[in-house]
Every structure is written in structure tokens, then in C-alpha cells.
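Residue strings, one per chain:
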Amino acid sequence: MGLFNAVNLELARGIISAAESRRAPVIMGTAEVLFPYGPLEEVSYYLLPMAKKASVPVVIHLDHGLKKETCLKALELGFSSIMYDCSTDPYDVNVKKVKEMAEIAHAYGATIEGELGHVGDNEGSAEGDSRMDDPSRFFTDPKMAKDYVDKTGVDALAIAVGNAHGAYKLPPKLDFGRIREIARSVSVPLVLHGGSGLTDNDFRQAIREGISKVNIFTDINVAAVEAEFQRFSSMNKGIIDLIPAAVEAVKQETMKKIDLFGSGGKADNGMNAGGTGTVDVELLTKLVADEVKKHLKK
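Worth saying up front: this structure is predicted, and the values here are computed from it rather than measured.

Chemist: Lay out the packing of aromatic side chains in plain terms, naming residues and giving numbers.
Modeler: Taken as a whole and assessed by the stated rule, the structure comprises 2 aromatic pairs. Measuring from ring centre to ring centre gives 6.2 Å for tyrosine 91 and tyrosine 148, while their planes differ by 50 degrees; the resulting arrangement is tilted. Taken together, the residues tyrosine 91 in helix H4 (residues 91–107) and tyrosine 148 in helix H5 (residues 142–152) connect sequence positions 57 residues apart.

Chemist: Lay out the pairing of strand S4 (residues 81–84) in plain terms, naming residues and giving numbers.
Modeler: Residues Ser81 and Met83 line one face of S4 and the alternating positions Ile82 and Tyr84 line the opposite face, and both faces are buried. Here 3 bridges tie strand S3 (residues 58–65) to S4, and the two strands are oriented parallel to one another. Within the sheet, the bridge partner assigned to histidine 61 lies in S4 and is serine 81. Traced from S3 through helix H3 (residues 68–77) to S4, the parallel crossover comes out right-handed. Sheet analysis places S4 next to strand S5 (residues 111–116), joined by 3 bridges and oriented parallel. Of the residues in S5, the one forming a bridge with methionine 83 is glutamate 113. Note on the crossover from S4 through H4 to S5: the handedness is right-handed.

Chemist: Just give me the short version of the pattern of salt bridges, but keep the residues and values in it.
Modeler: Summed over the entire model, instances satisfying the criterion amount to 14 salt bridges. Note that arginine 180 is salt-bridged to glutamate 209, the shortest N-O span being 2.8 Å. Of this pair, arginine 180 sits in helix H6 (residues 176–185) while glutamate 209 sits in helix H7 (residues 200–209), placing them 29 residues apart in sequence. Judged by relative accessible area, arginine 180 falls into the partly exposed class, the value being 32%. With relative accessibility at 13%, the residue glutamate 209 sits in the buried group. When salt bridges with common partners are traced through the structure, they connect Asp219, Glu253, Lys256 and Lys257 into a single cluster.

Chemist: Explain the state of the cysteines to me, and be specific about the residues and the numbers.
Modeler: For the structure shown, the criterion picks out 0 disulfides. Here cysteine 71 is not cross-linked by a disulfide; its sulfur's nearest cysteine counterpart is in cysteine 86, at 7.6 Å. Residue cysteine 86 is classed as buried on the basis of its relative accessible area of 1%.

Chemist: So what's going on with the nonpolar core? Which residues, and what values?
Modeler: By size, the foremost hydrophobic cluster in this structure holds 68 residues, and its most contacted members are Met28, Leu47, Val58, Ile82, Ile112 and Leu157. Examining the composition of this core, we find that 7 residues originate from one element, helix H2 (residues 40–53), more than from any other.

Cut-off values and rules
Residues numbered from 1 in each chain as written. Predicted model: local features only at pLDDT ≥ 70, side-chain atom pairs only at ≥ 80, totals over all residues. Heavy atoms only, no water. Phe/Tyr/Trp six-rings, centres within 6.5 Å; stacked < 30°, edge-to-face > 60°. Helix = DSSP H or I, 4+ residues; strand = E, 2+ residues; numbered from the N terminus. Buried < 20%, exposed > 50% of the residue type's maximum accessible area, 1.4 Å probe, protein only. Pairing = 2+ DSSP bridges. Right-handed = clockwise from strand over helix to strand, strands pointing away. Salt bridge = Lys/Arg side-chain N within 4 Å of Asp/Glu carboxyl O. Disulfide = S-S within 2.5 Å. Core = buried A, V, L, I, M, F, W, Y, C linked by side-chain atoms within 4.5 Å.

Structure below.
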């Protein structure tokens, strides 16, 4: 599945339209570093109602929550998923902070993503400025991954394997063997950040090796602007002349990613339509039984 950040209504409309057109479940949200362009509470005013109204399951996710207060605010607003990014902290601190937040998120009925290793940023990235001379020093250690997941209780794990946020200046080299090794050692879905700019073959191989969620922002962000520039042939234009072009461009780019990731046509697998993410009775029974077994073992 793809996560597509939507810091304004045009991005959100394009993402939802693409997901509905392809009958694909989708993750939509924002990140703390994007708040200057769309404050968290204001973004929630359209993200949450659109998710409920959609005819496909839509998760609303806080990506890269950097502060505890930010994660708590997202949960209070009704986000169904959060990421608490403590990847720059020492390992023990990362584990402690994320474990505490996982317990809180689960109490809200939400899921949580953690990050082990550290995904850096390409120059000019909207996601941040943590550029690193040698990214391989911050790659996720497969041997630590299982320990991290077991101790924190996260529902998904973001890994660093040669990926970076923003537009790549040089072709990235993903460590597919590392993805494979991590996937074999943990039981939770793996997340690939910095998806924009990777080749189609990179995506296909990463998914084959164990990636379940791919984060996209730069590609749809740039597609919207390019479409607006093409429409802006003279100053005889208003914003209402540009909005449809941006929405359609985001829709087309998102559909490309949905097709590439293979999530099209899976909107109703195990879930009822209507965008509420309501799990069917059989699946719900299985999930509850699994949780009860876990507690009995303890």
C-alpha cells in the first residue's frame, strides 16, 4: 500500500479519487515537518471526513511525528495511525519512547509505526535536512530489528536500506538483501520511506523482498505544480483555473503508484466498503482470538 501525504485539499481529492478509481485501500496523511504548509488540526478538518466518506478503506496517518505532544494531538483528533520517529535517539531511548507511545496509540484503537536506523534527506527535501555523508552507517541492523519490534510493540517498522526523503540527485542503491533479512526476522509490515524517485524495478524488487508500505510525497507534489504551470499560460487565470489541473495530476500520479504497488482491486478484501475501515465479522473474530492468545501466553 502507498502512503500519500496531503497537505491541502487538492492533494487529498486527487489521492481519494485515484484510490476509488482503482478500488485500492490507501493511507493518507501528513508529517510534522509539513505543518508549516498545513497545520495538523486544519488538515484533520478535511482528511478525516473524506476518509469516512470514501468508498474504499482509508487510513489517516501522522508520518514522522517527532514529539510526543504531536502524536498525542493526532490521536485526539482521530488519526487512525501514527509514526513516532525516535530514530535519531540512542537505541534504548528509541525503544523506551516508542513503547510508551505504542501503548497509548493502542488504547486509542490506532496503530503505530516506529523507525530503526535512520532515513536521511536529499537536499531540498520537504521532509527535513538530515543529509548524511555515509548513509550506510545508519542502515537498519537486521539483528536488532526483531528485538526492537518485540520490545516496542509497534505495528509497522520503517527501515533504512539506502532510501532517502525527497528527490534523489543520484540513483539510489537499495540494499535488497537487508530488506529480505529484516522481513524474515520480524512479523510486522516493513515501511519504505523516500519512495519518490525510485525506479519501477526498485519498487517491485523491494516489495518482493518484504516491503508492505511505501511513502510517497515528492512525486505527487511535483506533479501538481507541473500541471498548474502548464495551465498558467497567461496572467488571465484565477486559482479556480488551476485547482482541477492539480487534482487530476495528483490522481494520475497516485494511480500509477497504486498499479505499481499492486494494491488495486483490494479495497474490499476483508473490509466493508464505505471508507470506514470496518473489519468483517470473521476477520474481527480472528483478530480478537489472536490477541487473547497473546495475553494468555504472558
